[in-house]
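Secondary and tertiary structure notes
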Amino acid sequence: MTGPDLAPGEEPRRGVPAATYRLQVHADFTLTDAAEVADYLADLGVTHAYSSPLLRSAEGSSHGYDTVDHAHIDEARGGQEGFDRFVTALHEQGLGLVLDLVPNHMGVDDPAAAPWWWDVLQHGQASAHAGAFDIDWEFGSGKVRIPVLGSADDVEKLEVVDGEGGAAELRYYDNRFPIAPGTGEGTAQEVHARQNYELVDWRRADSDLNYRRFFAINTLAGLRVEDPAVFDATHELVLRLVRDGAVDGLRIDHPDGLADPKGYLDRLAEASGNRWTVVEKILEPGEDLPESWATAGTTGYDALAEVDEVLVDPAGEAAITALDTELAGRQVDYAQLVHDCKREVTDGMLGSEVARLVRVIGERGRAAGDTDAAQQTEALAELLASFPVYRSYLPDGREHLDTTVAAVRERRPDLTAALDALHPVLSQAGTEAATRFEQTSGPVMAKGVEDSAYYRWARFVALNEVGGDPAAFGSTVAEFHEAQLRRLEKRPLSMTTLSTHDTKRSEDVRARLAVLAELPSEWAQLVRGWLVRHPLADRSLAHLVWQNLVGAWPLSRERAHAYVEKAAREAGTSTTWTNPVQEFEEQLHALVDAAYDDPTTTAEIEAFVARIAPLGRSNSLSQKLLQLTMPGVPDVYQGTELWDLSLVDPDNRRPVDYALRRELLARLDAGEVPAVDETGAAKLLVVSRVLRARRDSPGWFAGYRPVEVTGSGADHVVAFDRSAGDGNGMVVVATRLPAKLAENGWGDTALRLPNGAWRDLLTGERVVSDVAGVAADALLAKLPVALLVRD
């Protein structure tokens, strides 16, 4: 139906999106391929495509977050010609484009492919681009340290060869490096000694690097985008695309890496004409974006957590925790686990960044005669490991620093003098010391929590998600409503999401696993049996594996093996990326094989999945409806308009079958009412009908008011009215805790809607609300969700 806010045939706005659809563009799904699905996206109901980074990136990059040249659209993704074709196709369908932008770092894996980096390595501090990179030249004695050698002795394996164009280059196997003018005479080792860079053992990356990295990735070098000249050079092409009308909105990757996120966003807003912009900022529970930031909001991980948590049964926590305690051999203190994981990061992979922070602070951060560099390093590491959020943005977030200093002082009285000296230094907004502490705390949090603790604590992995809190076991409907009222008040145009290229599990895996909180005893019995038949020394990791197998089942053996290897190495408890333990990994892969080859185990998995899959689909439809209708700008990650049982990357970046989706959507538009079955058509129905309503009738989504639910099953409903208060908007109804609902039924449960007739946009059913309201069993007879408008 055509809503009241858009005339027939009128194009939707290309400014602020009504909804977006994320596309991962790469060599196997190019801009030409993206152009070919523009009509499908329009039919689905979004107003904007939302693309992964498109600037020239490292050869073979599947994600695009390793930009090597900001002046060109990546040729492997289709180049400028492909981009123009994509934008034309979007505009023909009345769609806009939101582009992912990476201002924090550049890819430097192949120096020859990154002109700025090549020039810096060749000319050192005299390079025109030396100021673009965040390099501590003094610490490197005027050289950039590149951790690429297999060992220190491998310097003997360097060669001087003729490169492209006849210029001599230094080679280490397939790695190419420039030679400074006038330094090419002598042996390769002598030539190397004269360069503006030093090739070192890769193991020194943890302690001796002198350039800022993205997290601990040596091949992503930090940029100084706070320099206006660097900002202008790195944004020239993108801002031209904005001015030309090709790009309508921006997504900013990793703002926490920037020296001055507020200043960056202010400059970007001015240069882009205040285009709709969201930031990939991970908020901890209860944390808000600084109000002064020129952004519509985040990319939606906070919304993801709010939706996930309301579908998890808090009553299951005790039994699930008891199982985890049994398997771990102790009750896990999650806060202590996070601290310890973060300390491993400060003392290990990010040791170079911590060491640079110590150098910057120097004597200013030491109490006279009372502390030395070692105590200062220990105090900084403790502050970083104890920081409760990703970072502060002084003066915003000063309270986090103050409370962290107080907490560490209480826990570590031996560091009191060092802390007292550091506190005033780290509190001075805009200084290099305070800024570098802020730039370091984010990566410590990300690597310590998302990429370590989330893999070590397997209590209930549905909650181990970016932006979530695994220690918070579910939430109430009232808490969900409170969160949405805050969202509407503070950031009504912030993005919402359920799946991204970075989520640990797709939305439908999490929805299925949420059912375990309602069936903890059944789950515990199965897990105990599997551990007896297929023992693994790391029982917590085994529990994580079994949860993910059940959550994604059926999945290919190859996908399962790839996932468990990554999970085990990220956990780092029994094997690691840098030191794989072959014996353990063989046992781990044998456990996976048993899921497919042991008849009893396979039968148990399939029987249990058959039991919980329908309940998981109910959760999936509910969470999708909630996410698409809650305040904000909803994003649909590619392919997730159907069931998507994906695990962590690269599993969540597999090809999408758009032909199937087109066919199913056409059948729905022809009037077919889908069953909630394995086809996923029911989810496509929910997605398309909500997206079209948001596009065509934005006035239906202007407010937020909880709908009263009464009766014995009231706790099984999340319902709210998105109207502006006139009672003529959109009423959203979603089922929660479906396992218990299946046992107890709806009984006398009713929704207290304004009197009169309503029509469900999903089923076409007409219901009438009177003094008794609308009976839940009648309203939700066909689907576990409803989308009601005035009839």
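Residues numbered from 1 in each chain as written. Predicted model: local features only at pLDDT ≥ 70, side-chain atom pairs only at ≥ 80, totals over all residues. Heavy atoms only, no water.

Some thoughts on the overall build of the protein
Selection criterion: Numbering of helices and strands runs from the N terminus, with a helix taken as a DSSP run of H or I at least four residues long and a strand as a DSSP run of E at least two residues long. The size measure is the radius of gyration over C-alpha atoms, and the globule rule it meets is 2.2 Å times the number of residues to the 0.38 power. Residue exposure (1.4 Å probe, protein chains only): buried if accessible area is under 20% of the type maximum, exposed if over 50%, otherwise partly exposed. Working rule for contacts: check all heavy atoms of both residues, and any pair within 4.5 Å makes them a contact. Methods summary: accessible areas were calculated by the Shrake-Rupley approach with a probe of 1.4 Å, and residue burial reflects only the protein chains presented. By the counting scheme adopted, Arg and Lys are positive, Glu and Asp are negative, and His together with the chain ends is not counted. To locate a charge, take atom NZ for lysine, CZ for arginine, CG for aspartate or CD for glutamate.
In terms of regular secondary structure, the protein is built from 26 helices and 27 strands. Over its C-alpha atoms the protein spans a radius of gyration of 27 Å, differing by no more than 12% from the 28 Å that the globule rule assigns to 791 residues. On the principal axes, the C-alpha backbone points of the protein span a range of 90 × 60 × 55 Å. Put simply, the protein has 791 residues, and 62% of those count as buried. In the protein, 73% of the contacts between residues at least 6 apart in sequence involve partners at least 24 apart. Total accessible area computed for the protein in this model is approximately 28600 Å², and 49% of it derives from carbon and sulfur atoms. With 77 positive and 126 negative side-chain charges, the protein shows a separation of 2 Å between the mean positions of the two kinds.

A short note on the pairing of strand 15 (residues 276–279)
Where we set the bar: Any two strands between which DSSP finds at least two bridges are classified as paired. Handedness rule for crossovers: strands pointing away from the viewer, path from the first strand over the helix to the second running clockwise, crossover right-handed.
Judged by which residues are buried, strand 15 turns out to be covered on both faces: Trp276 and Val278 on one side and Thr277 and Val279 on the other are all buried. Sheet topology note: the strand 14 (residues 249–252)/strand 15 ladder contains 4 bridges and is parallel. Each bridged residue has a counterpart across the sheet, and for Gly249 the counterpart in strand 15 is Trp276. With helix 7 (residues 261–272) bridging strand 14 and the parallel strand 15, this β-α-β connection has right-handed handedness.

Quick look at the environment of Asp208
Threshold: Here a polar contact is taken to be a pair of N or O atoms separated by no more than 3.5 Å, where protein atoms must pair a possible hydrogen donor with a possible acceptor and residues adjacent in sequence count only if both atoms sit in side chains.
Along the chain, Asp208 turns up in the loop between strand 11 (197–201) and strand 12 (213–214). Sequence-wise, Asp208 and Val444 are 236 residues apart; in three dimensions their C-alpha atoms are separated by 17 Å. Asp208 has contacts with Phe139, Arg145 and Ser352, leaving out every residue within four places of it along the chain. Of the polar contacts made by the side chain of Asp208, one reaches the side chain of Ser207; its length is 3.4 Å.

Considering the pairing of strand 22 (residues 731–735)
Strand 22 sits mainly inside the fold: 5 of its 5 residues count as buried. The alternating pattern of strand 22 places Val731, Val733 and Thr735 and Val732 and Ala734 on opposite faces, both of which are buried. Both strand 21 (residues 717–721) and strand 22 contribute to a ladder of 5 bridges, which runs antiparallel. Of the residues in strand 22, the one forming a bridge with Ala719 is Val733. Bridge count between strand 22 and strand 27 (residues 785–790): 4 bridges; the pairing is antiparallel. Looking at strand 27, one finds that Ala734 is bridged to Val785.

Points about the nonpolar core
Let me state the cut-off plainly: Side-chain atoms within 4.5 Å link the members of a nonpolar core, which is a set of buried Ala, Val, Leu, Ile, Met, Phe, Trp, Tyr and Cys residues.
Core analysis: the biggest nonpolar cluster contains 89 residues, and Leu23, Leu41, Phe83, Phe86 and Tyr264 have the highest contact counts within it. At 9 residues, the largest contribution of residues to this core is made by helix 24 (residues 681–696). Setting aside residues no more than four positions away along its own chain, Leu23 makes contact with Phe29, Ala34, Leu41, Ala49, Tyr50, Ser51, Ser52, Phe86, Gln638 and Tyr658. Formed by 56 residues, the second largest nonpolar core is a distinct cluster that contains Leu463, Trp523, Ala560 and Leu647.

Brief notes about the pattern of salt bridges
To keep it simple, the criterion reads: Between Lys or Arg on one side and Asp or Glu on the other, a salt bridge is scored when a side-chain nitrogen of the former is within 4 Å of a carboxyl oxygen of the latter.
If you walk through the whole model with that rule in mind, you get 70 salt bridges. Asp414 is the salt-bridge partner of Arg412, the closest N and O atoms lying 2.9 Å from each other. Asp721 serves as the salt-bridge partner of Arg705, at 3.3 Å between the closest nitrogen and oxygen. With Arg705 in strand 19 (residues 705–706) and Asp721 in strand 21, this pair connects stretches of sequence that are 16 residues apart. For Asp721, a relative accessible area of 1% corresponds to the buried category. The structure contains a network of salt bridges with shared partners spanning Arg343, Asp347, Glu378, Glu382, Arg411, Arg412 and Asp414.

Side note on the sheet that holds strand 8 (residues 159–162)
Where we set the bar: All axes are obtained by fitting lines to C-alpha atoms, using only the stretch in contact for helices, and the reported angles, taken between N-to-C directions, cover 0 to 180 degrees.
Reading across the sheet, the 3 strands line up as 8-9-10 and stay open at both edges, with antiparallel pairing between neighbours. Only two strands of the sheet have a single partner each, and these edge strands are strand 8 and strand 10 (175–178). The sheet shows a mean angle of 40° between the axes of neighbouring strands, taken without regard to direction. Bridge count for strand 8 against strand 9 (residues 168–172) is 4 bridges, and the pairing is antiparallel. In the strand pairing of strand 9, Val161 is matched with Glu169. Against the sheet, helix 4 (residues 115–123) contacts strand 9 and strand 10, and its axis sits at roughly 60° relative to strand 10.

So, a negative patch on the surface
Convention followed: Patch members must show over 30% relative accessible area and no salt bridge, and they are joined within 9 Å when carrying like charges or within 5 Å when they are nonpolar side chains of Val, Leu, Ile, Met, Phe, Trp or Tyr.
Together, Asp288, Glu291, Asp396 and Glu399 give the surface a local cluster of negative charge. In this structure, Glu291 sits in the loop between strand 15 and strand 16 (297–298). According to the relative accessible area criterion, Glu291 is exposed, its value standing at 72%.

Comments concerning the packing of aromatic side chains
Quick note on the threshold: In summary, the pairing rule links any two rings of Phe, Tyr or Trp, Trp by its six-membered ring, whose centres are within 6.5 Å, and it sorts them by plane angle into stacked for under 30 degrees, edge-to-face for over 60 and tilted for everything else. When the NZ atom of lysine or the CZ atom of arginine is within 6 Å of a ring's centre and also within 35 degrees of its normal, the charge is said to sit over that ring.
Applying the stated criterion across every chain yields a total of 19 aromatic pairs. Taking the centre distance of 5.7 Å and the plane angle of 65° together, the rings of Tyr40 and Tyr658 count as edge-to-face. One end of the pair, Tyr40, is in helix 2 (residues 38–44); the other, Tyr658, is in helix 23 (residues 658–669), with 618 residues separating them in the sequence. In this structure Tyr40 comes out as buried when scored by relative accessible area, which is 1%. Their ring planes at 40° and their centres at 4.8 Å tell us that Phe460 and Phe473 sit as a pair that is tilted. Of this pair, Phe460 sits in the loop between helix 15 (432–456) and helix 16 (477–490) while Phe473 is found in the loop between helix 15 and helix 16, placing the two residues 13 residues apart along the sequence. Put simply, the rings of Tyr21, Phe29, Tyr40 and Tyr658 pair up and form one aromatic cluster. A cation sits over an aromatic face here: Arg22 above Tyr50, 4.7 Å from the ring centre. When the ring centre of Phe139 is taken as reference, the NZ or CZ atom of Arg145 above it lies at 4.7 Å.

Observations concerning the packing of helix 12 (residues 373–386) against helix 14 (residues 416–426)
Defined as follows: Helix crossings are classified by the rotation of the near helix relative to the far one: an anticlockwise turn of less than a right angle makes the crossing left-handed, while a clockwise turn makes it right-handed. As a working rule, the residues Ala, Val, Leu, Ile, Met, Phe, Trp, Tyr, Cys and Pro are called nonpolar, Asp, Glu, Lys and Arg charged, and the rest polar, with Gly in that last group.
Running from N to C, helix 12 and helix 14 point in directions that differ by 65°, and their axes come no closer than 10 Å. By crossing handedness, the relation of helix 12 to helix 14 is classed as right-handed. Facing helix 12, whose interface residues are Gln375, Gln376, Ala379, Leu380 and Leu383, helix 14 presents Ala418, Leu419, Leu422 and Leu426. Of the residues assigned to the contact of helix 12 with helix 14, the class counts are 7 nonpolar, 2 polar and no charged.

Structural notes on the packing of helix 20 (residues 557–571) against helix 21 (residues 582–597)
Between helix 20 and helix 21, the least distance of the axes is 10 Å, while the angle of their chain directions is 145°. Here helix 20 and helix 21 pass one another in a crossing that is right-handed. Only Phe584, Glu585, Leu588, His589, Val592, Asp593, Tyr596 and Asp597 of helix 21 make contact with helix 20, whose side of the interface consists of Arg557, Ala560, His561, Val564, Glu565, Ala568 and Arg569. The residue inventory of the contact of helix 20 with helix 21, partitioned by class, reads 7 nonpolar, 2 polar and 6 charged.

Here's the deal with the sheet that holds strand 17 (residues 495–496)
The 8 strands lie next to each other as 16-15-14-5-2-1-18-17, forming an open sheet whose pairing is parallel. A strand with exactly one partner marks an edge of an open sheet, and here the two such strands are strand 16 and strand 17. Taken together, the 4 bridges between strand 5 (residues 96–101) and strand 14 define a ladder with parallel strand orientation. Bridge assignment links Leu101 to a residue of strand 14, and that residue is Ile252. Each of strand 1 (20–23), strand 2 (48–51) and strand 5 is contacted by helix 3 (residues 79–92), which is oriented at about 140° to strand 5, the strand it contacts most. Most of the contacts of helix 22 (residues 599–629) go to strand 18 (residues 633–637), to which it runs at about 135°, and overall it touches strand 17 and strand 18.

Things to note about the side chain of Ser506
Along the chain, Ser506 falls in the loop between strand 17 and helix 17 (507–513). You can call Ser506 buried: its relative accessible area is 4%. In this structure, Ser506 is in contact with Ser499, Asp644, Leu645 and Ser646, ignoring residues within four places of it in sequence.

Structural notes on the environment of Thr575
Positionally, Thr575 belongs in the loop between helix 20 and helix 21. Given a relative accessible area of 2%, Thr575 falls into the buried group. Linking Thr575 and Arg487, residues 88 residues apart in sequence, is a C-alpha distance of 42 Å. Setting aside its immediate chain neighbours within four residues, Thr575 contacts Ala568, Arg569, Pro580, Val581, Phe584 and Glu585. Here Val581 takes part through its backbone nitrogen, which lies 2.8 Å from a polar atom of the side chain of Thr575. Of the polar contacts made by the side chain of Thr575, one reaches the side chain of Glu585; its length is 2.8 Å.

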